[in-house]
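Reading the structure
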Amino acid sequence: MKSILSLILFGLLTSGLFSQTGTDVRVTGTVTDMSGMPLPGVNVIVKGTSTGTSTDFDGLFSLDVPSSSTLVFSFLGFQTQEIAVNGAADLNVQLVEDTSTLDEVVVVGYGTQKKKEITGAVSVVGSETIEEQNPVRVEQALQGRVAGVNISSNSGSPGSASTISIRGISTNGDNRPLILVDGAVIEDLSVINPNDIESINVLKDATAGIYGVRAANGVILITTKGGRKNSDLRVDVDTYVGLQETTRKLPVLNATEYGVIINEAYAAGNQAPPFPNLAVLGQGTNWQDEVFRQALLSDINATVYGGSEKSAYSVGAGYLDQDGIVGGGAVNFNRFTGRGSYDLDILENLKFSSTAIYTHSNRKTLSENALGSVLFNAVNMAPTFSVRDANGDFTIANGLGNEVINPIAQIANTFNTNEVDKITGTVGLSYNFWDHFTAESRYQFNYSEVRGRSYLPAGLNFGDGKVFNNLGVNQYFVNDSFFRDYTFDNFLTYQNTFADDHNLTVLLGMSAFKTSGEFYNFTGRDVPGTTFAEATLDGAGEVIDARDISGPAEFDQRLLSYFTRVQYNYKERYLLSAVLRRDGSSNFGPENKFGYFPSASIGWVASDEPFFGSSDLLNFLKLRASYGILGNDRIGAFGYVSTLNAEGTYVFDNELVNGVAAGQLSNPEIKWERQKTFDVGFDARLFNNRIDLTMDYFKRRTDDLLLVPQVSGILGVYAPGAGAPIVNAGSVENQGLEFSVSYDQPIGDDAGFNLSYNFTTLQNEVLEVGNESGFIPGGSFGFGQEPPARMQAGFPIGYFYGLQTNGIFQSQAEVDAHATQTDATLGDLRYVDQNGDGVINGDDRVNIGDPIPDVTMGLNLGFNYKNFDFTAYAFASIGNDIVRSYDRNQNLTNKTNYVLDRWTGPGSTNSYPRVTVGPNSNLLFSDFYVEDGSYVRLQNVQLGYSLGNEVLDQLGIRKLRFYLAVTNAFTLTEYKGYDPSASSGAPIGGGIDQGFYPVPRTYTAGMNFKF
């Protein structure tokens, strides 16, 4: 018996020894994410056993395993990966983020929430999307990426802003969404470096109600990049250089064509033709070729980050330099950005966080999108003029109207700079106690200085009677502004789970906000020096201080808010969120200072129901709905009281003395603008989570609009600085449908493909305008004509109001049979007599266009094969109209070559009227000047190449990627102007083109470097 036991024991020992010495290997390695960042705490398990380990703070692991075994690597938020050992001693593993997981955490305001539990319309744009586009401004990363968000460029000029609208235009006043960067309010996104952004979250429905005041137009939450705990020092460098050019030049007449048309127009007006010898005119000067330039663009950014067991830090800096495609170096924007963040676990339950951003920018501009702007002049300047005369002086543009001047002379004599220094910072403390409670306190602040300088040299003579002439002394203008604000938030969060299935989070908080500013404006006349660099107020013959005329220019506005939110879910299946805010604003009087704004949202994860079962077709389905009331106070301060901030002139001892007078008329009854917003939608995932679907229907009605009505001049509102009172009088409704779908499919081991598409429909209607006239006008067209845009009940806000044409008069019989039309004759536009009174006048004006698009769409695709990657982004705007207002229409100004298809006799055309310098009504605002502004634009195309892991390991770096890209590659549109995407951003009159500065096409070459 003993021999048998000894034999068995010997067999076990020898087999164990054999297995240890013959087939086991020690495997060591590092586990990182796709960016090369080490991942601590990754579980490394031998498949089919309980044997395993986890990675340390540096992502390192070591484990003795059988040589034929398979290791399973798993970590929350990443796809589980299995790797066969096959006798290998070293394994370096990169885990791929699990983009299909529903446990992704999303910032939703004063906290975070699992994506699965979100009950509102929230969209997220990650840093990888921003890196792919390399936008100069943050707004460009949202266009076409987020359904319901529309970005219109105010200009393509370097440093120019864009107008952001979320789900339509809800007021005739300030439609900007609330923008928060790391919790701090930001009004101007030009101070933010897009490369510093980790994520952008957009709150589009009643879930924005947690921010209450100013959240009625939606909320954009920007989170900047921070460090990571338990991480070694890392460095990321991103840089690119680019070449910009215009995408289009308008087809204007050359000198010979111009001479033919002008001669014909003078002959039709019974005047002598000014160009009797057309043969000597030739091609002439193409003024657009003279003003447009290829311009350089460069950007470099570096970020250093890391962390210890209890802290994390990040420090970054970037510099952008961009010249303009109009005027070259005469237009420039440069920006330096420095950013830092630091988080520290002071105690296990006490955490400190901080961020800081410093921005210094400098911008030089030229006049744009206005009568007499550079592009306006380039289009209207006669091609028969040369840039300089025989003496080498700039040509004087006589006979072309008071605004049209030599644009090259205009560029050479424009001197200005606008310098901005801004500091944004946040500090916060978070304290956990009693297991389920967290108390947080945050302080955010902004301080900025804006210094504007401009110089007007003496002796400027652009031509007889030109409005830009300065035949007197040198003038120097100084405009200094100082802005500061702070936000102080304190809130308490209770979070607990009851009986394993009931999850409850309760938030209770308060927020105090103050913003103030001062403005200083000085005009120096007869200043010393002869250049912009030499100009100074010191030694000026006369210095005019604007405060001596209209008094101190300053503002002070404050907000005080209390809020609570309850979030509940049962088994993460039945979801509820309810918010109540009490907001107080200093913009309203004592009786209306505070307002209550409730909102609520619900959700049902139907796919978690037992009856739903499991299916590879439909993996996830969530239904959700929200409703809320949000407030808006975005008006000037102290509108409820009378203030002495207007200019007054008084007589003392028979002498005129400047003083102050009553400014804007007061209205003590003004109160909160209220928006009622409703949303219902669903989120779904199909085919093993390869396809994501989201659809929403929304309806927003804004009541008690804060607007300025038209009032009688007898009330004295037309004195300098005076104005009509602010009143609550009007309603606007927006409704529409949002849809987005994305598809992600790996193709074998070396390739992958992804595609996303979204569209938004929008119907905007003004329901009420509560003033005496029933409408509010806006915009301008021509001279002496009424504003062409209106806000009026029953129509979209800002619709175009003018005469409707019905062809061109082809015979005298048509003229005689038509309603009386002043100066009408053969070849003139024929206007429709809408009211049938037999006379064409202002009473026949109707709706002839809508600047708001009916549908916007975005298409984004990506493809990768081994080390190559390709991305493309496209955007479309359908149904928006634009007013063509860049033609000066003076007797001798140039014209676009569409005039070559003019009416020249009966039956020649029915679309373009005759040319004449005689009296006619063709210049009245009509649908002849309104064009379809729909367009499809390929916004970005990029091809990249990344070095492989083997090469990276040899070089000792984490990533090295090179790429080539084209931004604004091409635009398909029927619009005749420079750029159908541009707009002034005004709710009323925003779609009127007086020479929009086009968004440039940019070719870039760049590099992403990480080590």
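Definitions and cut-offs
Residues numbered from 1 in each chain as written. Predicted model: local features only at pLDDT ≥ 70, side-chain atom pairs only at ≥ 80, totals over all residues. Heavy atoms only, no water. Helix = DSSP H or I, 4+ residues; strand = E, 2+ residues; numbered from the N terminus. Rg over C-alpha atoms; globule rule 2.2 N^0.38 Å. Buried < 20%, exposed > 50% of the residue type's maximum accessible area, 1.4 Å probe, protein only. Pairing = 2+ DSSP bridges. Axes fitted to C-alpha atoms, helices over the stretch in contact; angles between N-to-C directions. Patch = residues over 30% accessible without salt bridge, like charges linked within 9 Å, V, L, I, M, F, W, Y side chains within 5 Å. Areas by Shrake-Rupley, 256 points an atom, 1.4 Å probe, with all protein chains shown as cover. Salt bridge = Lys/Arg side-chain N within 4 Å of Asp/Glu carboxyl O. Phe/Tyr/Trp six-rings, centres within 6.5 Å; stacked < 30°, edge-to-face > 60°. Lys NZ or Arg CZ within 6 Å of the ring centre and 35° of its normal. Contact = heavy atoms within 4.5 Å. Core = buried A, V, L, I, M, F, W, Y, C linked by side-chain atoms within 4.5 Å. pLDDT = per-residue confidence, 0-100. Polar contact = N/O pair within 3.5 Å; in protein donor to acceptor, adjacent residues only side chain to side chain. Expected span 1.5 Å × (residues − 1).

**Considering the overall build of the protein**
Counting its regular elements, the protein contains 9 helices and 53 strands. Relative to the compact-globule value of 30 Å for 1011 residues, the protein shows a C-alpha radius of gyration of 33 Å, a close match. Each principal axis of the C-alpha atoms in the protein carries an extent, and together these give about 135 × 70 × 65 Å. Residues counted as buried form 50% of the 1011 residues belonging to the protein.

**Regarding the sheet that holds strand β42 (residues 799–802)**
Read across the open sheet, the 4 strands follow the order β40-β41-β42-β45; overall the sheet is antiparallel. Edge positions in the sheet fall to β40 (775–778) and β45 (846–849), since each has one partner strand and no second. Across the sheet, the axes of successive neighbouring strands diverge by a mean angle of 50°, strand direction being ignored. Inspection of the sheet shows β40 paired to strand β41 (residues 789–792) by 4 bridges, in the antiparallel sense. Considered in β41, the bridge of Pro777 is made with Arg790.

**Focus: a nonpolar patch on the surface**
Judged by side-chain polarity, Ile300, Tyr319, Phe336, Tyr358, Ile423, Val427, Tyr443, Phe445, Tyr486 and Phe488 come together as a nonpolar surface patch covering roughly 810 Å² of accessible area. Those elements that provide at least two residues to the nonpolar patch are β22 (415–433), β23 (437–456) and β24 (475–498). Judged by its relative accessible area of 35%, Tyr319 falls in the partly exposed class.

**Section: the packing of aromatic side chains**
In this structure the tally under the stated criterion is 36 aromatic pairs. Taking the centre distance of 5.6 Å and the plane angle of 70° together, the rings of Phe61 and Phe73 count as edge-to-face. Placement of Phe61 in strand β4 (residues 60–66) and of Phe73 in strand β5 (residues 70–74) is noted, with a sequence separation of 12 residues between them. Of the two residues examined, Phe61 and Phe73, each falls in the buried class. Among the aromatic residues, those joined into a cluster by ring pairs are Tyr431, Phe433, Trp434, Phe437 and Tyr494. Looking at Arg582, its charged tip hangs above the ring of Phe594, at a distance of 3.9 Å from the centre. The positively charged end of Arg884 is found above the aromatic ring belonging to Phe928, 5.2 Å away from the centroid.

**Remarks on the environment of Glu264**
Residue position: Glu264 is located in helix α3 (residues 255–268). Overall, the relative accessible area of 24% leaves Glu264 in the partly exposed class. Sequence spacing of Glu264 and Asp692 is 428 residues, and the spatial spacing of their C-alpha atoms is 62 Å. In this structure Glu264 touches Arg902, Trp903, Thr904 and Val915, once residues within four positions along its chain are discounted.

**Side note on the nonpolar core**
Judged by nonpolar contacts, the single largest core of 74 residues is most densely connected at Val291, Val326, Met791 and Phe800. Only α3, α4 (287–291), α5 (374–380), α6 (407–412), β39 (763–769), β41, β44 (829–831) and β48 (881–884) provide two or more residues apiece to this core. Broken down by element, the residue count for this core peaks at 6 residues, all from α3. Residues Leu203, Leu559, Phe588 and Trp672 belong to the second largest nonpolar core, which totals 28 residues.

**Observations concerning unusual backbone geometry**
The phi angle at Asn369 is positive, at roughly 50°, despite the residue not being glycine. On the secondary structure map, Asn369 appears in the loop between β21 (350–364) and α5. We classify Asn369 as buried; its relative accessible area is 17%. Its identity is not glycine, yet Lys571 carries a phi of approximately 55°, on the positive side. Summarising the element assignment, Lys571 is placed in the loop between β27 (553–570) and β28 (574–585).

**Concerning the pairing of β22**
Alignment of β21 against β22, held across 14 bridges, turns out to be antiparallel. Bridge pairing in β22 links Ile357 to Thr424. Strand direction decides the pairing type here: β22 and β23, joined by 19 bridges, are antiparallel. In the strand pairing of β23, Asn432 is matched with Thr438. Adjacent in sequence and paired antiparallel, β22 and β23 are bridged by 3 residues, among which Trp434 carries a positive phi angle near 50°.

**A word on the sheet that holds strand β13 (residues 178–181)**
Here we have 5 strands laid out as an open sheet, ordered β10-β15-β16-β13-β14, and mixed in their pairing. The sheet is open, and its two borders are formed by β10 (122–126) and β14 (184–185), each paired with just one other strand. Where β13 lies against β14, 2 bridges are found, and the strand directions are antiparallel. Looking at β14, one finds that Val181 is bridged to Ala184.

**Some points on the confidence of the model for the protein**
In this model, the protein carries a mean pLDDT of 87, and residues with pLDDT of at least 70 account for 94%. Predicted confidence in the protein is weakest over helix α1 (residues 2–22), with a mean pLDDT of 37, and strongest over β44, with 97. Note on residues 1–22: pLDDT under 50 across the span, and 2 contacts to partners over four residues away in sequence or across chains.

**Quick notes on the side chain of Ser601**
On the secondary structure map, Ser601 appears in strand β29 (residues 594–605). The exposure class assigned to Ser601 is buried, which follows from its relative accessible area of 3%. Within polar-contact distance, the side chain of Ser601 engages the side chain of Thr119 at 2.5 Å.

**Brief notes about α3**
Since one α-helical turn is 3.6 residues long, residues separated by three or four positions face the same way. Here α3 contains 14 residues, and its C-alpha end-to-end distance of 20 Å stays within 8% of the 20 Å for a straight helix at 1.5 Å per residue. Restricting attention to buried positions, one finds in α3 the residues Ala255, Tyr258, Gly259, Ile261, Ile262, Asn263, Ala265 and Tyr266. Two or three places before Thr256, at the opening of α3, Asn254 has a side-chain oxygen 3.1 Å from that residue's backbone nitrogen. The positive-phi residue at the C-terminal boundary of α3 is Asn270, with phi of around 60°.

**A closer look at the pattern of salt bridges**
Following the criterion strictly, the structure yields 43 salt bridges and no others. Where Glu518 meets Arg484, a salt bridge forms, and the shortest distance between an N and an O atom there is 2.8 Å. Within this pair, whereas Glu518 is found in strand β25 (residues 502–525), its partner Arg484 is found in strand β24, the two being separated by 34 residues in sequence. Glu518 gets classed as buried once you look at its relative accessible area, which sits at 18%. A relative accessible area of 29% places Arg484 in the partly exposed class. Connected through shared salt-bridge partners, Arg167, Lys204, Lys622, Arg624, Asp679, Asp683, Asp696 and Glu738 make up one network.

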